[in-house]
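Structural overview for review
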Amino acid sequence: MLKSSSLLRAFLHVLLLWPLLWLVYRVIAGDIGTDPAESIVRYLGFTGACMLWACLAITPLRLISGNPSWVSYRRALGLWAFFYTSLHLAAFLIVWAGLDLDIIIEEITKRLYVYIGLAAWLLLLPLAVTSTKASRRKLGRRWVVLHKLIYPSAVLAVVHMLWLAKLDYLQPALFAVMLFLLLLMRRNPKRN
Amino acid sequence: MLIKASDKTTPKSYELTSESDYWSRRAWLKAAGYFGAGLAAAVSLPVVGAPASPETWQAMLKQKLADSVAWAGSSRDKPTPYEDIIQYNNFYEFGTGKDDPARLSKSFKVDPWRVQVAGEVAKPGNFTLEDILKPHALEDRIYRFRCVEAWSMVVPWVGFPLADLLRRFEPTSSAKYVRFETLVDPDRFPAQRFGRSTISWPYVEGLRMDEAMHPLTLMVVGVYGKTLLPQNGAPLRLMVPWKYGFKSIKSIVKIEFTSTAPKTTWQQLASSEYGFYANVNPEVDHPRWSQKRERRLPNSLWDPNWVPTQKFNGYEEQVAALYDKMNLRTHF
């Protein structure tokens, strides 16, 4: 039986911090490739998406296992997903674009997938801001409605991935299929 | 199409390397251990996947690489380090990842290798690499290399003008285009294995006859004075420096002279994004991104090294006349 002990939660945080430590290690070791900016941006985006998908897997896991304690990990996963997608955006602006305003404006307006990625991140922003227990209490029923924004955000993230792919559609296709399944599993009659 | 030997192909004085730069470049190359006949022999050039006994074309190529001469029109831009040139590649026969080609080509066999010549030509045939190489002296040419994905490198290629090779087969008057094919061999190219790819192999590229005969169009057999590695298109690849990288087909096994424009691989995959001409042009954006600038590799964490893209990749003086009457927006 799974218990949401503080030990397990601490382990989860270390686990989710690990991809960042690994990235920092690779940068310091000079093992980040010929085009570090591209590698870092892609790596952070991929990691963020994985955590967002893990967050979306909580409800199906709860339904399948019949164990409500899964929900206690959801906030951590959601916040870490927001953390990595924020780093992804920051790396795009700072490392990839070199904080050059001309380049940033042109990329956001010309590369539609940048635009869509930005929209996906903006949808997550209010969720991160209202992730505290106090906000949840204050917003009540509206909090639940607001946090459904994770669904359009994930859909936009998939569009973002598909749109930027040149011919390597396998990875975005896998994310799309997983998202479809995760949403489908929510239709479990046990839910209500 | 008439082939004009135009003065525009002669490098301008400012493009010529000054003597001091020439020698310092040589000294630098030598210091890096990439140059000099004796050095090349001592270092023993890595011929990847070669059998224990060296084939004759490889011995011939070694000698020719040692005898290669610096070309006066080389780019003055600082060349991208060898390690980056051999580790960062687009070569979808190996995989779509930039590191797939270097990783998956370690056992790639370049022997035996034959090139079929066919089509509108007086002397078609099936040629060994020795046949292909024999009469040609090699030149070291530093070219700017611009990928359609908006990154770029500066590469010291070693090769000989494609025109010199094509003339030997005596193309007929109905030869208007040249069509090239890359090897199909799932044993050597993992991405060609069943179910691995959406591309219908072989990879096909093509040039108009006057583009193919242009003095800048280079048949490449080496990089940095060394034998070309598989990830860079060994043993024989094209380099058309004023066009996006995908035009410069790798690992050529077939050269066909045709009367109509060949349908190229990237046109088949996405004709709205990748045209037949694919001339580097900052004024015409890719449908999904700007082509105004490029990230010159290698770059660093602190500097993405953006540089403005030049029309025809900076070779406008030499090649603009080829497209005098064309609208480069429709013929992109």
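Located above this text is the structure these notes cover.
Just so it is clear, the model here is predicted, and its values are computed rather than measured.

Moving on, we come to the interface of chain B and chain A. Interface size is commonly expressed as the accessible surface area that is lost when the partners come together. At the interface, 27 residues of chain B touch 23 residues of chain A. Taken over both partners, the interface formed by chain B and chain A buries close to 2,200 Å², and the fraction arising from carbon and sulfur atoms is 55%. When the buried area of chain B at its contact with chain A is split by residue, B:Arg288, B:Leu301 and B:Trp306 rank highest and sum to 31% of it. Viewed at the interface, chain A and chain B are joined by 6 salt bridges. With a shortest N-O distance of 2.7 Å, B:Glu149 and A:Lys166 are connected by a salt bridge. Scanning the region where chain B abuts chain A turns up 13 residue pairs in polar contact (both at pLDDT 80 or more). For the side of chain B that touches chain A, the secondary-structure elements that each account for two or more residues are helix H9 (265-269) and strand E12 (293-296) of chain B. Split into classes, the residues belonging to the side of chain B that touches chain A amount to 14 nonpolar, 6 polar and 7 charged.

Counting 139 residues, the largest nonpolar core has A:Trp53, B:Trp157, B:Ile255 and B:Phe257 as its most contacted members. Those residues in contact with A:Trp53 that sit more than four places away from it in its chain are A:Ala154, A:Ala157, A:Val158, A:Met161, A:Phe175, A:Met178, A:Leu179 and A:Leu182.

Here we take up the pattern of salt bridges. Inspection of every chain in the model, using the stated rule, returns 27 salt bridges over all chains. In this structure, A:Glu106 and B:Lys292 form a salt bridge, with 3.6 Å as the shortest nitrogen-oxygen distance. Residue A:Glu106 is located in helix H5 (residues 101-110), and its partner B:Lys292 is located in the loop between H9 and E12; the two belong to separate chains. With its nearest N and O atoms 2.9 Å apart, the salt bridge here joins B:Lys98 to B:Glu149. Placement of the pair is B:Lys98 in the loop between helix H4 (82-87) and helix H5 (100-104) and B:Glu149 in the loop between strand E4 (139-146) and strand E5 (151-161), with a sequence separation of 51 residues. The partly exposed category is assigned to B:Lys98, whose relative accessible area is 21%. Several salt bridges share partner residues, and in doing so they unite A:Glu106, A:Lys110, B:Asp285, B:Lys292 and B:Arg293 into one network.

Calculation rules
Residues numbered from 1 in each chain as written. Chains lettered and ligands numbered in written order. Predicted model: local features only at pLDDT ≥ 70, side-chain atom pairs only at ≥ 80, totals over all residues. Heavy atoms only, no water. Contact = heavy atoms within 4.5 Å. Buried area = accessible area lost by both parts, 1.4 Å probe. Salt bridge = Lys/Arg side-chain N within 4 Å of Asp/Glu carboxyl O. Polar contact = N/O pair within 3.5 Å; in protein donor to acceptor, adjacent residues only side chain to side chain. Helix = DSSP H or I, 4+ residues; strand = E, 2+ residues; numbered from the N terminus. Nonpolar A, V, L, I, M, F, W, Y, C, P; charged D, E, K, R; others polar. Core = buried A, V, L, I, M, F, W, Y, C linked by side-chain atoms within 4.5 Å. Buried < 20%, exposed > 50% of the residue type's maximum accessible area, 1.4 Å probe, protein only.

This is a description of form; function is not addressed.
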